[in-house]
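These are the residues of each chain, in order.
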Amino acid sequence: MKKYLSITLLLTLLVGILLTGCGKVDVIGVTLSNSAVAIKINETFVLTATVTPADASEPMVYWESSDTSVATVKSGVVTAVGSGQATITAFTKNGINNTCTVTVENVLTKKIKLDKSSFTMMVGATQEIHYTILPENVTDNTVSWESSNPKVAVVDKGKVTAKGVGSCVITASTENGVKAKCELIVKIKPTGVRVSKPTASLTTGDTLQLSAKVLPANTAYKNITWESSDEKIATVDSNGKVTAKTAGTCKIYATTSNNKYDYCTVTVTQGVLEFSGKGNDTLTDVNVTKGVYKIIMTHEGKGVFKVIGTDSSGGAYTYIDTKGNYTGSNLYANGDSSGVKNATIKVAATGKWTLKIEAIKNNGTDHISGTGDCVTPMFRGTNKKDIVKMKNEADGDFTIFLFDETGKKLGTLCDEIDNYDGSCDVTLDRNKYYFFVVFSQGKWTIDFGNKSSITTVSPGA
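Calculation criteria
Residues numbered from 1 in each chain as written. Predicted model: local features only at pLDDT ≥ 70, side-chain atom pairs only at ≥ 80, totals over all residues. Heavy atoms only, no water. Pairing = 2+ DSSP bridges. Helix = DSSP H or I, 4+ residues; strand = E, 2+ residues; numbered from the N terminus. Axes fitted to C-alpha atoms, helices over the stretch in contact; angles between N-to-C directions. Disulfide = S-S within 2.5 Å. Buried < 20%, exposed > 50% of the residue type's maximum accessible area, 1.4 Å probe, protein only. Polar contact = N/O pair within 3.5 Å; in protein donor to acceptor, adjacent residues only side chain to side chain. Contact = heavy atoms within 4.5 Å. pLDDT = per-residue confidence, 0-100. Salt bridge = Lys/Arg side-chain N within 4 Å of Asp/Glu carboxyl O. Phe/Tyr/Trp six-rings, centres within 6.5 Å; stacked < 30°, edge-to-face > 60°. Lys NZ or Arg CZ within 6 Å of the ring centre and 35° of its normal.

## Concerning the sheet that holds strand E25 (residues 241-244)
Right, so step 1: Pairing is antiparallel in the open sheet, where three strands are placed in the order E21-E25-E24. Each of the sheet's edge strands pairs with one partner strand only, and the pair in question is strand E21 (207-209) and strand E24 (234-236). On average, adjacent strands in this sheet sit at an angle of 20 degrees to one another, irrespective of strand direction.
Right, so step 2: With three bridges joining them, E24 and E25 adopt antiparallel strand pairing. Looking at E25, one finds that Thr-235 is bridged to Thr-243.

The following block contains the structure:
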């Protein structure tokens, strides 16, 4: 019986010992890798926690921040979110813990960059200035703006509004005093331009210097671009110098940088062509531009004086066929749309002679007097039925031909001999110009009776 009790007691002690060896082991300590750290906003830092004993039955570590507006923590990873201090606590289930003091420091601005260093604006315009702050994780990215001259421009949150002509400096400043500047010039757009001459009359080969005034006077945009509407008639260089090329009308434009423009209407007539010689001669390659011309001829001699013109198509016209001294004028062929090219003029003479070809001008009246063979200036019609009085005070032929402004022959007003005093009825369009070619040996007059001033012409003019 005693033997069995001893065995039972032994077994009980063994079970107790075994049960004691399989008991729960509690955490008795937590050690953090850092007791204090300093980081900057948006940075992260990894804390590690070591639990003792190493064989603790429940070694899981939990994390907590005392102020999540300063720092947050997850699985030991600390993230700085705002300036200040926070305590990071690592703890186990049985309450064993340790702490790390985290100090989050401000990230100060080191540099501010503007997207422009200088720019130009027009009065009344607005424009944004964009900026970049470095480093990118700066704590306070607040920027204040300032204009050195609010009368020139004001600025609000980077938006610049131009107020008046002048210059100023726009400054962007950060909270810690870092600055960036850009220069601004405010100008006024041109509102118009005025060319020095509204109209001009030139002959081929002539030049004319035009100028242009940009408005208003205080605009900084003074640049002008010059252009001709038809460079076949007249050209213009970059400084406004016009060169007449061929007969016709064109416009010379002065244009500002913002497309404000004005122009000068240029009328080009053929320049005077002059020839002279003695005895017989043939003039070749005579060229005139499109227009209506007269040929003025003189001769100093007792014999024949004959002038015949031949154009490039072979057509011939006799301008004068007489003897002895002569001064007079006749109509010179005005040519087609390109004028007269490569014409030939044959002169038969016994003495000195001159030829002058010049454009017929539009400055006459319908009351004209003259002497000898003449081409009159042009005059305007009246739309009325006029009684044209014609008078000749000389022996010989007295003939009057009527032409329109294009050189087209409209008819013969008079074809008489010796002294003559008569009239005829004529109605001429007030929107057109007309002229006469008169052949006479002495004084003559043509009068429409409209009480206009007298235009006097002479054979050599």
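## Things to note about the state of the cysteines
Think of a disulfide as a covalent bridge from one cysteine sulfur atom to another cysteine sulfur atom.
Right, so step 1: As enumerated under the stated definition, the model contains zero disulfides in all.
Right, so step 2: Looking at the unpaired Cys-374, the closest cysteine sulfur is the one in Cys-414, lying at 15 Å.
Right, so step 3: Exposure remark for Cys-374: the relative accessible area of 1% places this residue in the buried category.

## Focus on the side chain of Thr-219
Right, so step 1: By the element assignment, Thr-219 lies in the loop between strand E22 (212-215) and strand E23 (225-228).
Right, so step 2: Thr-219 gets classed as buried once you look at its relative accessible area, which sits at 2%.
Right, so step 3: A distance of 3.3 Å separates a polar side-chain atom of Thr-219 from the backbone nitrogen of Tyr-221.
Right, so step 4: Sequence-distant contacts of Thr-219, defined by excluding residues within four places in its chain, comprise Ile-188, Lys-189, Pro-190 and Val-214.

## Concerning the confidence of the model for the protein chain
Close inspection of predicted coordinates is inappropriate in any region flagged by low pLDDT.
Right, so step 1: Confidence in the prediction of the protein chain, expressed as mean pLDDT, is 89, and 93% of residues score 70 or more.
Right, so step 2: Mean pLDDT across the elements of the protein chain bottoms out in helix H1 (residues 2-21) (44) and peaks in E23 (97).

## Things to note about unusual backbone geometry
Right, so step 1: The omega angle of the peptide bond from Leu-134 to Pro-135 is 0 degrees, so this bond is cis rather than trans.
Right, so step 2: Here Pro-135 is to be found in the loop between strand E13 (131-134) and strand E14 (143-147).
Right, so step 3: Omega for the bond connecting Leu-215 with Pro-216 falls within 30 degrees of zero, at -5 degrees, which places this linkage in the cis form.
Right, so step 4: Positionally, Pro-216 belongs in the loop between E22 and E23.

## Observations regarding the pattern of salt bridges
Right, so step 1: Enumeration over the complete set of coordinates arrives at seven salt bridges.
Right, so step 2: With a closest N to O distance of 3.7 Å, Lys-294 and Glu-358 form a salt bridge. Taken as a pair, Lys-294 in strand E30 (residues 293-300) and Glu-358 in strand E35 (residues 352-359) lie far apart in primary sequence, 64 residues in all. By the burial criterion, Lys-294 is buried, and Glu-358 matches it.
Right, so step 3: The partner of Asp-425 in a salt bridge is Lys-385, with the nearest N and O atoms 3.9 Å apart. Here Asp-425, found in strand E42 (residues 420-427), pairs with Lys-385, found in strand E39 (residues 385-393); they are 40 residues apart in sequence, far enough to count as distant.
Right, so step 4: By relative accessible area, which is 63% here, Lys-385 ends up exposed.
Right, so step 5: Through salt bridges with shared partners, a single ionic network connects Lys-24, Glu-58 and Lys-93.

## What to know about the sheet that holds strand E36 (residues 367-371)
Right, so step 1: The mixed open sheet is built from five strands, whose spatial order is E42-E39-E44-E36-E45. Only two strands of the sheet have a single neighbouring strand rather than two, namely E42 and strand E45 (455-457). Strand-to-strand twist across the sheet, computed as the mean angle between neighbouring axes with direction ignored, equals 15 degrees.

## Comments concerning the side chain of Thr-92
Right, so step 1: Looking at where Thr-92 falls in the secondary structure, it is placed in the loop between strand E8 (84-91) and strand E9 (97-105).
Right, so step 2: The buried category is assigned to Thr-92, whose relative accessible area is 2%.
Right, so step 3: A distance of 2.4 Å separates polar atoms of two side chains, one belonging to Thr-92 and the other to Asn-94.
Right, so step 4: Excluding anything up to four places from it in sequence, Thr-92 contacts Val-27, Val-30, Val-51, Met-60, Val-61 and Tyr-62.

## Let's talk about the packing of aromatic side chains
Right, so step 1: Counted by the stated rule, this structure contains 14 aromatic pairs.
Right, so step 2: Residues Tyr-131 and Trp-145 carry aromatic rings whose centres are separated by 6.0 Å and whose planes lie at 65 degrees to one another, so their mutual orientation is edge-to-face. One end of the pair, Tyr-131, is in strand E13; the other, Trp-145, is in strand E14, and 14 residues separate them in sequence.
Right, so step 3: Of the aromatic side chains, those joined through ring pairs into one cluster are Phe-379, Tyr-434, Phe-436 and Phe-448.
Right, so step 4: Its end group placed over the ring of Phe-119, Lys-116 keeps NZ or CZ at 5.5 Å from the ring centre.
Right, so step 5: Sitting above the plane of the Tyr-221 ring, Lys-187 keeps its charged end 4.7 Å from the centroid.

## Structural notes on the pairing of strand E7 (residues 77-80)
Right, so step 1: The alternating pattern of E7 places Val-78 and Ala-80 on a buried face, while none of Val-77 and Thr-79, on the opposite face, is buried.
Right, so step 2: Both strand E3 (residues 44-46) and E7 contribute to a ladder of three bridges, which runs antiparallel. Looking at the pairing, Phe-45 lines up with Val-78 of E7.
Right, so step 3: In the sheet, strand E6 (residues 71-74) pairs with E7 via four bridges, with the strands oriented antiparallel. Residue pairing in the sheet places Ala-71 in a bridge with Ala-80 of E7.
Right, so step 4: If you look at the hairpin formed by E6 and E7, you'll find two residues sitting between the two strands, and Ser-75 has a positive phi there, around 55 degrees.

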